[in-house]
Amino acid sequence: MIVGIDVGGTHTDGVLVAQKAADSTADNYKIIATTKVITEQDNLMNSILKALDNLIEQSNAKQIERLVLSTTLTTNAILEEKYDPVGLILIPGPGISSDYLKYGAENLVLSGYVNHRGQQVKKIEQSEIKTGLKSFMEKSIKNIAVIGKFSIRNPEQELAVLAYLKAAENKFTSLTAGHRLSGRLNFPRRIVTAYFNSAVTKIHQEFSAAIKQALQKRRLEPELFLLKCDGGTIPLADSLELPVETVNSGPAASIMGVMTLSNIDQRQQTAVSLDIGGTTTDIGLFIQGEPVFMPDGIVINDLATLIRGLYSISIPIGGDSLIQVIKGELKIGPRRLGPAAAAGGPAPTPTDALLVAGYLAEAESYDKKFDLKKAETALSSLVKQLQTANNSKNILPTAEKLTVHSLAELIIDQLTDKIVNRIRKMLADLEDKTVYTISELLAEVKIEPELLLGMGGPAKALVKLLAQKLNYQAELIPYSKVANAVGAAFARPTITTTVRIDTAAGQLDIAEAGIHRSLKASEKFNLEQSKKLALKITKERSLVKTAVEITDVESFNVIEGFRTVGAIREIKAQVKPGPIARLKGDDQDE
Amino acid sequence: MNKVPELKAKNKLGLIFFPAFDWEISPTHPERKERLLYTRDQVFEEGLLDINGIAEFNPDIAEPEDIVRANICIPTVADICTKSHLISAGAAMRAAELVLTDQVSKAFAIVRPPGHHAFRLVHGARGFCNINNEAVMVEAIRKHYPEIKIAFVDTDAHHADGTQEIFYHDPNILHISLHQDGRTLFPGSGFLNELGGPGAYAKTLNIPLPPGTTDQGILYAIKQFVLPVLHDFAPDLVINSAGQDNHYSDPLTNMNVSARGYAELNALLDPDLAILQGGYSIQSALPYINVGLILAMAGLDYSSVTEPDYQPDKLIQSKQITEKIKREIDQLQQIWQQRNQIDLEEVYGSLNNGYKREKRIFYDTDQILEEQQEALNYCPDCPGYLFIESQASRGGFRKKKIAALSIPRLICDSCYNEALAKFEELKTTARQKYDSLYLQDLKADQYLIHNF
Ligand SMILES: [Zn+2]
Ligand SMILES: [Zn+2]
């Protein structure tokens with residue numbers, strides 16, 4: 001039995017799935033129980049346990065094998081800055097002034113330097129660390145992150161600083177080394193990511209201890225996983241080193257939910273997914289069945305990081321968005337005053353428009369009790385406002401002829417236009433990605449989705465209309481109310497590895513695995529051998545027997561004088577996000 | 001979280017970074033795949049692409065008709081241009097377009113291969129250049145702004161002989177080249193007395209710098225001469241041909257300029273566009289110079305960008321060098337100040353039969369020797385058209401002999417009719433003399449090849 005729980009901003013969703021007894025293949029899971037509880041913002045643990053207890057009670061489960069949590073714990077801590085102060089130790093060398101990078105409560109800038117080849121150009125001075133440490137102690141800073149420029153090409157200086165700190169008298173709550181966060185170059189992002197990692201360590205440790213205790217009390221011994229921002233899971237124990245990877249897992253849960261419930265990965269179709277909520281609509285993208293990643297790394301609290309995340313954009317329009325007339329024009333969102341007028345809310349919303357226009361008539365699963373009269377009254381006030389305003393650009397054909405019904409159509413038209421335009425812009429932006437080789441520049445990228453996968457309350461009505469405008473096929477996701485929890489439940493562990501071999505310098509670096517060593521004389525590492533190593537290391541670090549794939553290959557000669565003295569090869573490999581098992585198709589109706 | 005000052009570009013900068021990682025002249029040639037690899041690493045690691053106000057763009061791909069407005073390719077564009085050249089030229093065009101359409105306020109094209117050694121007539125690769133990217137860009141700009149005044153400041157260590165030659169008779173293009181003295185370096189030209197043709201006197205200016213010149217010398221030339229000249233010329237567009245081989249670590253040259261010197265030079269010039277040219281110290285110089293230039297163009301602080309091995313006390317310019325540069329600048333200032341009083345016939349001889357130049361051009365990369373005669377039909381009312389005869393040979397084997405008429409966009413009607421008549425006449429009478437005739441007609445935007 002597997003439980004997936006997704007803690008969202010307003011609701012915490014849970015799902016319990018189990019294999020059918022008769023058949024124990026991995027593709028034979030069935031949803032046994034679902035739950036939805038209110039999220040208590042100041043006690044996420046409570047929300048999780050309530051959801052868990054509900055699921056256990058409904059299903060009479062005695063034991064669960066796997067529990068996957070997607071929480072907003074670390075995200076909230078970062079957004080609300082609810083953490084103990086973080087001190088930064090930077091090793092920037094020459095470049096952009098470090099004045100722009102001093103995010104720490106205290107910032108120690110050391111004078112060492114490693115260059116782009118990973119060669120140490122300037123040593124770090126122990127005396128500088130010693131002096132700096134004093135100011136950390138004076139401010140009782142217990143969270144420290146050490147970040148060097150090009151440290152992924154040579155982590156020795158970061159490691160030396162860490163060793164010094166570990167040997168110091170005072171104990172630190174968290175120590176983060178920048179090079180372990182990602183194999184990608186970007187010093188400012190490495191600093192921000194390391195800062196956040198140190199910031200959320202303590203709260204993450206406390207959460208981890210509390211959940212273990214709560215499970216013990218219930219005599220449950222599942223394998224415990226957390227969902228990461230890249231749509232993969234990580235064992236709770238492993239997440240203690242890099243808790244920052246668990247931020248922003250909500251959108252990932254949603255996209256993995258879509259994947260699991262639609263089997264889009266097996267169908268290998270290019271599709272746009274839409275999660276239409278009360279105030280926001282989240283857009284995701286699958287290219288030939290695979291979810292797309294953010295090009296560089298996600299942005300949290302307006303700061304760019306190195307955290308790998310699934311591509312997802314959020315637009316501030318949903319079923320409960322407030323509709324107003326401002327300067328004679330309709331404005332949808334971004335605010336929400338309450339539920340739809342039809343459901344007793346204070347103001348007209350897109351849901352009211354859908355109801356009045358007749359799109360919700362057959363949506364029986366829509367569990368709210370809608371009052372058509374209330375919706376019409378709310379819309380008629382908008383009609384009046386538009387008619388009194390002179391410069392109504394929105395009115396078709398004229399303000400005088402506007403009825404509640406034609407206004408409803410107008411609102412829906414405007415709403416769907418907004419979403420369609422955003423989808424088109426997203427595709428154009430992704431197609432316009434800059435490239436660095438002639439072959440890539442000549443091979444024009446076209447992303448041509450054929451499918452619109454919709455979920456969320458108003459999705460049933462809207463997805464068809466949107467798909468028509470986009471000329472895609474429309475498809476509704478079953479179980480969409482607990483899709484995020486399903487996404488968490490089925491997500492498999494992901495992993496990325498960056499193998500960098502510099503045969504001219506005789507160095508091997510695998511930042512994510514903490515490997516940094518000299519090459520042996522016998523190790524030649526031609527391109528094929530380098531690729532094999534990347535696959536091997538990734539397989540070793542992976543927890544599942546899923547296919548490992550190479551995502552990026554670079555190989556350049558190193559010339560000195562007019563002689564080739566070696567090569568630099570950089571190979572990236574990954575276990576991509578995907579489901580560990582599948583729901584059985586014929587049972588998927590709600 | 002401590003609030004840090006926001007790193008925001010003062011000038012919105014468009015960056016066309018196209019390292020062409022899959023193109024090279026040969027694996028050990030300076031112009032090889034990894035030339036911009038370390039620059040890419042440094043730019044990425046410094047996080048420059050995340051800076052608010054710095055945006056990255058892909059290059060355009062130039063069309064053959066874009067190329068032939070600048071370069072007459074012998075025998076055809078397809079024989080001279082690979083995709084890499086079309087992209088490099090397209091990158092320069094995109095950079096200009098971004099600025100002229102106000103999408104950005106400045107643009108920097110970090111692209112390869114370079115172009116400033118490519119002459120108007122092209123038989124092959126010369127100084128690693130086949131196509132003159134910048135000239136292609138200028139002609140693309142002039143399609144929309146025919147009377148635009150453009151100033152080039154070429155800061156590559158090699159004399160920008162190609163760009164100089166293409167615009168030698170063009171009064172709307174000011175071409176200033178600062179470079180290591182031609183007596184000590186390829187291509188062996190770029191002296192004070194190369195001042196442009198009779199219709200564009202002092203619109204070509206050269207500042208040869210002695211080997212060993214440092215930041216001090218090159219910045220002296222910029223401040224004392226280049227900036228006042230730019231002020232007087234009042235161009236609509238300033239372009240920095242941003243070669244980077246004046247660097248103290250460059251393997252092909254003997255200069256002592258630093259990354260910070262290059263950044264300061266760029267900040268002083270305040271160009272609208274910068275286009276990378278040469279620079280072959282790919283590990284020790286390019287990463288730092290390019291970071292410095294990007295920051296300078298964005299109007300950001302570049303003062304802490306230095307090479308890891310930078311030791312200013314080891315880069316002191318000798319007194320002789322300082323004095324030599326000063327004497328040159330004094331001379332140039334005099335030339336510039338007297339440019340309008342000059343008696344053209346005293347400089348160029350009688351102009352009754354136009355103005356002729358004989359050129360022997362060696363294509364070092366392709367080992368081609370070209371003998372060329374260029375005759376300007378001098379006209380006081382317009383820039384005049386060029387009649388060019390050329391014969392190239394390779395390894396002792398003579399290639400075809402060709403003649404070309406090159407007509408500038410702003411030609412006067414009488415010169416234009418004369419040029420077209422001459423082309424028609426040659427078609428019927430010159431069968432014995434040439435193998436092919438070329439017409440580069442910018443006024444009608446046409447390009448014709450007539451093979452006998
Ligand atoms: Zn050069
Ligand atoms: Zn004329």
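Every chain is numbered on its own, with residues counted from 1 as its sequence reads. Going through the entries in the order they are written, you letter the chains from A and number the ligands from 1. Side-chain atom pairs in this predicted model are given and counted only at pLDDT of 80 or more, local residue features only at pLDDT of at least 70, and totals for whole chains, interfaces and linings cover all residues. With hydrogens and water excluded, all non-hydrogen atoms of the structure serve as input to the side-chain values.

In the nomenclature of an unreviewed UniProt entry, chain B corresponds to Acetoin utilization deacetylase AcuC from the organism Halanaerobium salsuginis. UniProt annotates chain B under Sequence similarities (unreviewed entry) with the comment "Belongs to the histone deacetylase family." UniProt positions are given in the numbering used here, feature names are shortened, and annotations may be inferred rather than shown by experiment.

As named in an unreviewed UniProt entry, chain A is N-methylhydantoinase A/oxoprolinase/acetone carboxylase, beta subunit, taken from Halanaerobium salsuginis.

Draft legend 1. Seen up close, unusual backbone geometry. Cis peptide bonds are those with omega within 30 degrees of zero, and the linkage from Ile74 of chain B to Pro75 of chain B qualifies with -5°. Each helix is a run of H or I in the DSSP string that is no shorter than four residues. Each strand is a run of E no shorter than two, and both are numbered from the N terminus. With respect to the secondary-structure elements, Pro75 of chain B resides in the loop between β3 (72-73) and α3 (77-80). In this structure, Pro187 of chain B follows Phe186 of chain B across a cis peptide bond, with omega equal to 0°. Topologically, Pro187 of chain B is positioned in the loop between β7 (173-180) and β8 (204-209). Its identity as a non-glycine residue notwithstanding, Asn471 of chain A has a phi of 60°, on the positive side. Its location among the elements puts Asn471 of chain A in the loop between α13 (459-470) and β22 (473-476). The residue Asp445 of chain B is not glycine, and still its phi comes out positive at about 50°. Examined against the element boundaries, Asp445 of chain B turns out to sit in the loop between β15 (436-441) and β16 (446-451). The cut-offs for exposure are 20% and 50% of the maximum accessible area for each residue type, with area from a 1.4 Å probe on protein chains only; residues under the lower value are buried, those over the upper are exposed, and the others partly exposed. Judged by relative accessible area, which is 35%, Asp445 of chain B ranks as partly exposed.

Draft legend 2. Quick peek at the coordination of the zinc ion (ligand 1). All names here are of chain B. Around the zinc ion (ligand 1), the protein contributes the donor atoms Asp156 (OD), Asp156 (OD), His158 (ND1) and Asp245 (OD), which lie 1.9 to 2.8 Å from the metal centre. Water is not among the atoms examined, so metal sites may look incomplete; donors are the N, O and S atoms within 2.8 Å of the metal, or within 3.2 Å for Na, K and Ca. Metal sites are grouped by the angles between bound donors: all angles between 85 and 135 degrees with four donors is tetrahedral, opposite donors over 155 degrees apart with the others between 65 and 115 is square planar for four donors and octahedral for six, and any other pattern is irregular. Relative to the metal, the four donor atoms surrounding the zinc ion (ligand 1) lie at angles of 53 to 155°, and the coordination shape comes out irregular. Mapped onto the polypeptide sequence, the residues donating to the zinc ion (ligand 1) form the spacing pattern D-x1-H-x86-D. With His158 in the loop between β6 (150-154) and α6 (161-166) and Asp245 in the loop between β9 (237-242) and α8 (259-269), this pair connects stretches of sequence that are 87 residues apart. Each member of the pair, His158 together with Asp245, is buried.

Draft legend 3. Highlighting the interface of chain B and chain A. By definition in these notes, contact holds between two residues if any of their heavy atoms fall within 4.5 Å. With 49 residues of chain B at the interface, the matching set in chain A holds 51 residues. Once two parts are joined, some of their accessible surface, as seen by a 1.4 Å probe, is lost; buried area is that loss totalled over both. Here chain B and chain A share an interface that buries about 4300 Å² over both sides, 59% of which is from carbon and sulfur atoms. Each reported salt bridge corresponds to a side-chain nitrogen of Lys or Arg within 4 Å of a carboxyl oxygen of Asp or Glu. The shortest N-O distance in the salt bridge between Glu46 of chain B and Lys149 of chain A comes to 2.8 Å. Whenever two N or O atoms come within 3.5 Å, that pair is a polar contact, provided that in protein one can donate a hydrogen and the other can accept it, and provided that, for residues adjacent in sequence, both atoms are side-chain atoms. At the boundary of chain B and chain A, one finds 25 residue pairs in polar contact (both at pLDDT 80 or more). Counting residues per element, the ones that place at least two in the side of chain B that touches chain A are β1 (8-18), α1 (37-45), α4 (83-100) and α9 (286-297) of chain B.

Draft legend 4. Layout of the packing of aromatic side chains. Any two of the Phe, Tyr and Trp rings considered here, Trp counted by its six-membered ring, make a pair once their centres fall within 6.5 Å; the pair's planes then place it as stacked at under 30 degrees, edge-to-face at over 60, or tilted in between. Taken as a whole and judged by the stated rule, the model has 13 aromatic pairs over all chains. Consider the rings of Tyr248 of chain B and Tyr310 of chain B, whose centres lie 6.5 Å apart with planes at 25°: the pair is stacked. Here Tyr248 of chain B, found in the loop between β9 and α8, pairs with Tyr310 of chain B, found in the loop between α9 and α10 (319-337); they are 62 residues apart in sequence, far enough to count as distant. On the basis of relative accessible area, Tyr310 of chain B is assigned to the partly exposed category, the value being 21%. Ring geometry for Tyr438 of chain B and Tyr447 of chain B: centres 6.4 Å apart, planes at 55°, overall tilted. Here the aromatic residues Tyr436 and Phe556 of chain A together with Phe17, Phe21 and Phe44 of chain B are joined through ring pairs into a cluster of three or more. We call a charge positioned above a ring when the Lys NZ or Arg CZ atom is no farther than 6 Å from the ring centre and deviates by at most 35 degrees from the ring normal. Arg357 of chain B extends its terminal NZ or CZ atom over the ring of Tyr168 of chain B, reaching a point 3.9 Å from the ring centre.

Draft legend 5. Main features of the sheet that holds strand β10 (residues 174-177) of chain A. All names here are of chain A. With parallel pairing, four strands are arranged side by side in an open sheet as β6-β5-β9-β10. The outermost strands of the open sheet, each flanked by one partner alone, are β6 (106-109) and β10. Recorded for the sheet is a direction-independent mean angle of 15° between the axes of neighbouring strands. Only strands that DSSP links by at least two bridges are regarded as paired with each other. Pairing of strand β5 (residues 86-91) with strand β9 (residues 143-148) involves six bridges; the strand directions are parallel. The residue bridging Gly87 from the neighbouring strand is Ile144, located in β9. Note on geometry: axes are C-alpha line fits, over the in-contact stretch for helices, and angles between N-to-C directions span 0 to 180 degrees. Where helix α3 (residues 126-138) meets the sheet, it contacts β5, β6 and β9, and its direction lies at approximately 175° from that of β6.

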